[in-house]
Every structure is written in C-alpha cells, then in structure tokens.
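Residues per chain are reported as follows:
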Amino acid sequence: MELGLIGYPIQHSKSPWIHQQFLKQAGLSGEYILYEIHPDQFVEEIKQLKQLSLDGFNVTVPYKQKIIPYLDEIDDHAQTIGAVNTVVCRNGKWHGYNTDGLGLVTALKVRYPHLFEGNKSALILGAGGASRGIYYALIKEKLNRVSIANRTKSKAESIMNINSQDRRGEVFTYQEAECHLASFDLIIQTTSVGMYPNNSEKIINLTHIQPDTVVSDIVYQPFWTSLLREAHQKGAQVHHGHEMLLYQGKLAFEYWTNKKINANEILPKFLTLLQSENNKG
Ligand code: ATR
C-alpha cells in the first residue's frame, strides 16, 4: 500500500506510526509518507501528487477545504461538513471522505457507551472545521441535545443551520456555557486552545461541572491539557485527544484497504509512545 499525509507543518505527526501499526495488523506491506506542502506551493505539489501511484492519503490542516476542488468525487457527509481528511485513489480518481467526527464518536463509544444509549446531552466548545465534523457525527446519534459554544456565536449558528431540521440544542457564548455545564453529560473541546506550546490556556472554567460528566479534548499535545486536568480535579471522566487521532486513522485505513482494524489493540502501545515523548519533553 502506498499511503501518506498532506498538510503543513506535519513533521511531528503521529500518523505514520499509527498506519504502520495498522498495516502490520492487516498483514499488508506498504508505507505512509509525509508530504509536507508549503502553502505557496499547494497547486503545483497537488498536481505532482496526482501523478504518483498512491492508494490513498490523509489531509490535515490547512488543506481540508482546499483539497475539495481537486477531488473527482466527494461523499455526502464530507460535502455537508465542507472538509475532507481522507482521500481514496481508485484508477487515478480521487474520492474524498471525512472521518474526523465519526473517529471521535467511535472512540467515545468504546470508552463511554452509556453516552449513546439515549437521553444524554453534549456540548461542543468551538465552531471551526473540527467542530463541524463532530457536530454532524453527534446529531446522527441518540442524543437529545447537542449544543455549541463559541467566541463568535454566529459561527456556531451556521453549523446548526446546515441541518436545521435536526436541531436539538442551543448556541452559547463561553460565559453562558459555563453557567449551563451541569446540564451536560458530555463536553467536547474542539479548538486549538491549550495546545502545545500554550499548555496553560483553557477555553472555559469547569466550576459548575457535575462529577459524572465526560470531558473530551481533541488536543493531544500535551496529553493532559489544562482543561482535562481541571475536569479530573473535579472528579469528571476525561477523554484524551490521541484516541480521536487513532480512530479517525482507523476509519481512513478501512476506506483505503477494505480491511477491518482493531484500533483498541494498538491503544496501549500508542499511549506508551506518547508518554515517553512527553517525559523527554
Ligand atoms: P479547525 O479547522 O482546526 O477546527 P478553525 O477552523 O480555525 O480550526 O477553528 C478554530 C476554532 O477555535 C474556532 O471556533 C475559533 O473561534 P472563533 O470562531 O470565535 O474564531 C476557536 N478559537 C481559536 N482560538 C481561540 C481563542 N484564543 N479563544 C477562543 N476561541 C478560539
């Protein structure tokens, strides 16, 4: 299999390690190469990439939207979200998908299945590209409330508007959200706030959180974000960002290979890798 990743900057990506594990588990040989593309060279480099005999590749920041005009086909889910993180190459044609939102939901279901058994509510913090994917994945689930908080309320409104017939929640500022925290079972942080090297930053205060709430942060560097530390101190359940990375990768790999992957099997090894790097840093 010839696989890879496009984005900028991507030198520290953990995706090559993840996909090597998946290749091994699936009994396939192949490689996963980092194609770091400088924004000034995007158009030329994409044309060159099309000449290569790749089986598929992932797309990360800042190209999840920019890649769309270069696709031959895009699936409905990725089209609605307006972002693509997985491209499958078949007979020279590029097909775009998005596994980010479903990746997070799949990871959460493995660890906290009760959240998806009905009558539960989720609050998404942030209204960027990652938030869109997660929102659409969540409203397909049995949740009776999915709300969004954002600095700019209109951006959160526009996410809800795309699927307004299925709207099941409110739009908040962060200040408003802080007052309503006790009414949510799941809180998902989707912005880059708190990401290395700004480890001390935190998007909201969790003063009013209930002890049985699950707090999920999609940031995985650092492993313990300030938000997750506070959640843990308040007795809440925490869900670290590396699990979403692993599960979005699993779903991408399954699109490329049509083979089923057991991501859970790789999780302990991945955790050890991240923790050893954290200790070195
Ligand atoms: P991505 O595609 O990775 O989700 P993005 O589209 O740039 O990234 O979205 C970034 C999100 O993080 C947005 O919700 C943004 O808030 P605004 O919509 O108000 O701009 C949020 N964000 C980024 N930096 C922030 C900060 N310092 N404080 C609060 N929110 C922030």
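Up top is the structure these notes are about.
Along each chain, residues carry numbers from 1 onward, in the same order as the chain's sequence is written. Under the rules for a predicted model, residues below a pLDDT of 70 receive no local features and side-chain atom pairs below 80 are neither given nor counted, while totals for whole chains, interfaces and linings still include all residues. To obtain the side-chain values, all non-hydrogen atoms of the structure were used and water was disregarded.

## Remarks on the environment of Tyr70
The condition that has to hold: Here a helix means four or more residues in a row that DSSP labels H or I, a strand means two or more in a row labelled E, and each is numbered from the N terminus. Any pair of residues with heavy atoms lying within 4.5 Å of one another is described as a contacting pair.
Assignment of secondary structure puts Tyr70 in the loop between strand 3 (56-59) and strand 4 (73-74). Taking C-alpha positions, Tyr70 is 18 Å from Tyr8, a pair spaced 62 residues apart along the chain. Those residues in contact with Tyr70, other than ones at most four positions away along the chain, are Phe42, Val43, Ile46, Lys50 and Trp94.

## Considering the pairing of strand 1 (residues 2-7)
We apply this condition: Buried means the residue's accessible area, taken with a 1.4 Å probe over protein chains only, is under 20% of the maximum for its type, while exposed means over 50%, and partly exposed covers the values in between. We call two strands paired when DSSP finds no fewer than two bridges between them. A crossover counts as right-handed when, viewed with the strands pointing away from the observer, the path leading from the first strand over the helix to the second turns clockwise.
The element strand 1 is largely enclosed, with a buried count of five among its six residues. In this sheet, strand 2 (residues 31-36) lies alongside strand 1 in parallel orientation, the contact comprising six bridges. Note on strand 2: the bridge partner recorded for Leu3 is Tyr32. Traced from strand 1 through helix 1 (residues 15-26) to strand 2, the parallel crossover comes out right-handed.

## Description of the sheet that holds strand 7 (residues 120-125)
The following threshold applies: Every angle, taken between N-to-C directions, lies between 0 and 180 degrees, and every axis is a line fitted to C-alpha atoms, over only the stretch in contact when it is a helix.
In space, the six strands of this open sheet follow the order 9-8-7-10-11-12, with parallel pairing throughout. Taken across any chain shown, the strands that pair with only one partner, and hence form the sheet edges, are strand 9 (171-172) and strand 12 (237-239). Relative to strand 11 (residues 214-217), strand 10 (residues 186-189) runs parallel, the two sharing four bridges. Following the sheet pairing, Ile187 is matched in strand 11 by Val215. Along the sheet, helix 5 (residues 129-139) contacts strand 7, strand 8 (143-149) and strand 10; its crossing angle with strand 8, the most-contacted strand, is approximately 165°.

## Quick notes on the packing of aromatic side chains
Where we set the bar: Stacked, tilted and edge-to-face are the three classes applied to pairs of Phe, Tyr and Trp rings, where Trp contributes its six-membered ring and a pair requires centres within 6.5 Å; stacked means planes under 30 degrees apart, edge-to-face means over 60, and tilted covers the rest. The criterion for a charge sitting over a ring is simple: Lys NZ or Arg CZ within 6 Å of the ring centre, and within 35 degrees of the ring normal.
All told, the structure shown has 10 aromatic pairs when counted by the stated rule. Relative to Tyr136, the ring of Tyr135 lies with its centre 5.4 Å away and its plane at 80°, an arrangement referred to as edge-to-face. The same class applies to Tyr135 as to Tyr136, namely buried. Taking 6.4 Å as the distance between ring centres and 85° as the angle between the ring planes, the aromatic pair formed by Phe172 and Phe184 counts as edge-to-face. Residue Phe172 is found in strand 9, and its partner Phe184 is found in the loop between helix 7 (174-180) and strand 10; the two are separated by 12 residues along the sequence. Phe184 matches Phe172 in its accessibility class, with the two residues each being buried. Taken together, Phe42, Tyr63 and Tyr70 form an aromatic cluster joined through their ring pairs. Positioned over the ring face of Trp94 is Lys50, at 4.6 Å from the centre of the ring. Across from the ring centre of Phe116, 5.7 Å away, lies the NZ or CZ of Lys109, which sits over that ring.

## Points about the layout of surface pockets
How we decide: Both site types are read off a 1 Å grid over the protein atoms alone. A 1.4 Å probe that fits but cannot get out defines a cavity, while an open set with protein on both sides within 12 Å along at least five of seven lines defines a pocket; lining residues have an atom within 4 Å of a point. Grid points are joined across faces, edges and corners, and a volume is the space filled by probe spheres set on the points. In this classification, the charged set is Asp, Glu, Lys and Arg, the nonpolar set is Ala, Val, Leu, Ile, Met, Phe, Trp, Tyr, Cys and Pro, and all remaining amino acids, among them Gly, are polar.
The calculated volume of the second largest pocket comes to roughly 420 Å³. Put simply, the parts of the chain that give the lining of the second largest pocket at least two residues each are helix 8 (226-233) and helix 10 (267-280). The leading source of residues in the lining of the second largest pocket is helix 10, at three residues. Residue composition of the lining of the second largest pocket, grouped by class: six nonpolar, seven polar and three charged.

## Some words on the environment of Glu265
Condition: N or O atoms within 3.5 Å of each other form a polar contact, as long as, within protein, one can give a hydrogen and the other can take it, and as long as residues adjacent in sequence are counted only when both atoms are side-chain atoms.
The residue Glu265 is located in the loop between helix 9 (242-257) and helix 10 in this model. Spatially, the C-alpha atom of Glu265 lies 24 Å from that of Glu117, the residues being 148 residues apart in sequence. Here Gln25 takes part through its side chain, which lies 3.0 Å from a polar atom of the side chain of Glu265.

## Examining helix 6 (residues 153-162)
Applied cut-off: In this description, one arc is meant: the one made by directions from the helix axis to the C-beta atoms.
Inspection of helix 6 places Ala156, Ile159 and Met160 among the buried residues, and these make up the whole buried set. Taken end-on, helix 6 shows its buried residues confined to a sector of 95°, consistent with a single buried face. In the core, the buried residues of helix 6 are packed alongside helix 5, strand 8 and strand 9.

## Thoughts on the site of the ligand
The criterion, for reference: For this description, a residue counts as near a given molecule or strand if any of its non-hydrogen atoms is within 4 Å of it. Each accessible area is a Shrake-Rupley estimate made with a 1.4 Å probe; only the visible protein chains count as cover when residues are assessed.
Inspection of the region around the ligand gives Gly126, Ala127, Gly128, Gly129, Ala130, Asn150, Arg151, Thr152, Lys155, Thr191, Val193 and Ile203 as its neighbouring residues. For the ligand, an oxygen atom lies 2.7 Å from a polar atom in the backbone of Ala127. Side-chain polar atom of Asn150 to an oxygen atom of the ligand: 2.8 Å apart, as the coordinates give it. When the ligand sits alone it has 650 Å² of accessible area, and the protein chains cover 62% of it. Each residue belonging to the shell around the ligand can be placed in one class, and the counts come to four nonpolar, six polar and two charged.

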